[in-house]
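As a plain string of letters, each chain reads:
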Amino acid sequence: MSIEAKGVGKYYGKQKALDDVSFKISSGEIVGFLGPNGAGKSTMMKIITGYFPPNEGEIYVIGLDAVENSLEVRKKVGYLPEHNPLYPEMYVTEYLKFVAGIYKVKNKKERVEEIIKMVGLSPERHKKIQELSKGYKQRVGLAQALIHDPDVLVLDEPTSGLDPNQLVEIRKLIRDIGKEKTVMLSTHIMQEVEAICDRVIIINEGRIVADAPVSEMKNMGNAEGYSLEVEVNEAISEELLSVINGVDKVISNSGLNYSIEISSDKDIRAEISKAISDDGKAVLSMVRKEKSMEDVFKELTR
Ligand code: ADP
Ligand code: MG
């Protein structure tokens, strides 16, 4: 087992940031740790990387107790912290040699060259970190996390703040790295998990609310249900539709468009158009939309 959390709890003062968190991550998996801001993702990652101990429970990394063997654990884990703190005044190679020194990496010079190639930093290698774009800074962050060839990589929101092109490149890089290592990455963006991960662990308010292969995510939460996008010729009241069996919610969008959320799989389009025409109004269009993964995530973290 690469990472194992058993009943982990963490308090900041009186606030409980993590509550009875348990999960196992096997060697070679790429796992997305998904949750809204403030869910406890960064706190969990700091515990995994031995940055601070939990108040409750146990954490093991490659079989080592991360509290009792925090130095050993740090040697086996690469960590890209949130906001990627770097030394802006340092040159890229200088910084990576410095980090390699901290980890007592053998053949420092060769390893830095190797890692620069691996993360695609070659064109920018002679610059100061502060001169790099956000995308290249992220590559430096990944390089420092990888320099000591750790078995496990813990990446805290590795793509936040990147533009769409940088995003695609960094995701690809993480997927490539993930072929050889165990990767746990946190994100608050559903699509990120779909793009990179094999498995997802969803956390909300410090508690795990789902843990499953990405391919099964659509079946999480309330498996049933769909929504209807309806356009009418005159405004309708929410009560008109909410009395119909199965209607969960009516949301008024711009113009005369409404989203109707339906909590079962029963087709109630006929009832809806009848209710609207009985009210003296007309349905101009009605489109059925299946639940997206985004909807499932919203449901689980509401
Ligand atoms: P996430 O990374 O999912 O956004 P965090 O782990 O950063 O969540 O935070 C979880 C909760 O703990 C939040 O409510 C946050 O405000 C709180 N928190 C995080 N760090 C600290 C801290 N150093 N002191 C006090 N509260 C904190
Ligand atoms: Mg965070």
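Just above sits the structure.
Fair warning: this is a prediction, and the values are worked out from it, not measured in the lab. (Residues numbered from 1 in each chain as written. Chains lettered and ligands numbered in written order. Predicted model: local features only at pLDDT ≥ 70, side-chain atom pairs only at ≥ 80, totals over all residues. Heavy atoms only, no water.)

Now for the site of ligand 1. Taken together, Tyr 12, Gln 15, Ala 17, Pro 36, Asn 37, Gly 38, Ala 39, Gly 40, Lys 41, Ser 42 and Thr 43 form the complete shell of residues around ligand 1. In the model, an oxygen atom of ligand 1 is placed 2.8 Å from a nitrogen or oxygen of the Gln 15 side chain. The separation between an oxygen atom of ligand 1 and a polar side-chain atom of Lys 41 is 2.8 Å. A total of 560 Å² of accessible area belongs to ligand 1 in isolation, and the protein chains cover 61% of it. For the shell around ligand 1, the elements supplying multiple residues, two or more each, are β2 (15–25) and α1 (41–48). Ranked by residues supplied to the shell around ligand 1, first place goes to α1 with 3 residues. Taken together, the residues of the shell around ligand 1 break down into 4 nonpolar, 6 polar and 1 charged. (Near = heavy atom within 4 Å. Polar contact = N/O pair within 3.5 Å; in protein donor to acceptor, adjacent residues only side chain to side chain. Areas by Shrake-Rupley, 256 points an atom, 1.4 Å probe, with all protein chains shown as cover. Helix = DSSP H or I, 4+ residues; strand = E, 2+ residues; numbered from the N terminus. Nonpolar A, V, L, I, M, F, W, Y, C, P; charged D, E, K, R; others polar.)

In this section: the coordination of the magnesium ion (ligand 2). Taken together, the protein ligands of the magnesium ion (ligand 2) are Ser 42 (OG), Glu 82 (OE) and Glu 82 (OE), with distances of 2.0 to 2.8 Å. Placement of Ser 42 in helix α1 and of Glu 82 in the loop between β6 (77–80) and α3 (92–102) is noted, with a sequence separation of 40 residues between them. On the basis of relative accessible area, Glu 82 is assigned to the partly exposed category, the value being 30%. (Donors = N, O, S within 2.8 Å, 3.2 Å for Na, K, Ca; no water. Buried < 20%, exposed > 50% of the residue type's maximum accessible area, 1.4 Å probe, protein only.)

The next thing to look at is empty space enclosed by the protein. With the rule as written, the count across this model stands at 1 cavity of 30 Å³ or more. In this structure, the largest cavity occupies an estimated 30 Å³ of space. As for the largest cavity, its lining consists of Glu 157, Thr 159, Ser 160, Thr 187, His 188 and Ile 189. Residue composition of the lining of the largest cavity, by class: 1 nonpolar, 4 polar and 1 charged. (1 Å grid on protein atoms, 1.4 Å probe; cavity = no way out; pocket = protein on both sides within 12 Å on 5 of 7 lines; lining within 4 Å. Points joined across faces, edges and corners; volume = space filled by probe spheres on them.)

Next up on the list: the nonpolar core. With 48 residues, the main nonpolar core has Leu 96, Ile 202, Met 217 and Met 220 as its most contacted residues. Three or more residues apiece are contributed to this core by two domains, here domain 1 (3–217) and domain 2 (226–300). Excluding anything up to four places from it in sequence, Leu 96 contacts Val 112, Ile 115, Ile 116, Leu 121, Val 140, Ala 143, Gln 144 and Ile 147. Core analysis: the second largest hydrophobic core is formed by 26 residues, Ile 3, Met 44, Phe 52 and Val 77 among them. (Core = buried A, V, L, I, M, F, W, Y, C linked by side-chain atoms within 4.5 Å. Domains from an automatic or database assignment. Contact = heavy atoms within 4.5 Å.)

Another aspect to go through is the packing of helix α5 (residues 134–146) against helix α6 (residues 164–178). At a minimum axis separation of 10 Å, α5 and α6 run at an interaxial angle of 15°. Compared by their axis directions, α5 and α6 come out roughly parallel. Relative to α6, the crossing made by α5 is right-handed. For the pair α5 and α6, the contacting residues are Lys 134, Gly 135, Gln 138, Arg 139, Leu 142 and Leu 146 in the first and Gln 166, Glu 169, Ile 170, Leu 173, Ile 174 and Ile 177 in the second. Each residue belonging to the contact of α5 with α6 can be placed in one class, and the counts come to 6 nonpolar, 3 polar and 3 charged. (Axes fitted to C-alpha atoms, helices over the stretch in contact; angles between N-to-C directions. Parallel < 35°, antiparallel > 145°, perpendicular 65-115°, else oblique. Left-handed = near helix turned anticlockwise from the far one by under 90°.)

It is worth spelling out the pairing of strand β4 (residues 56–61) at this point. Note: strand β1 (residues 3–12) against β4, 5 bridges, orientation antiparallel. If you follow Gly 9 over to β4, its bridge partner there is Glu 56. One ladder, built from 2 bridges, connects β4 with strand β5 (residues 64–65); its direction is antiparallel. Each residue of the ladder has a partner; that of Tyr 60, found in β5, is Asp 65. (Pairing = 2+ DSSP bridges.)

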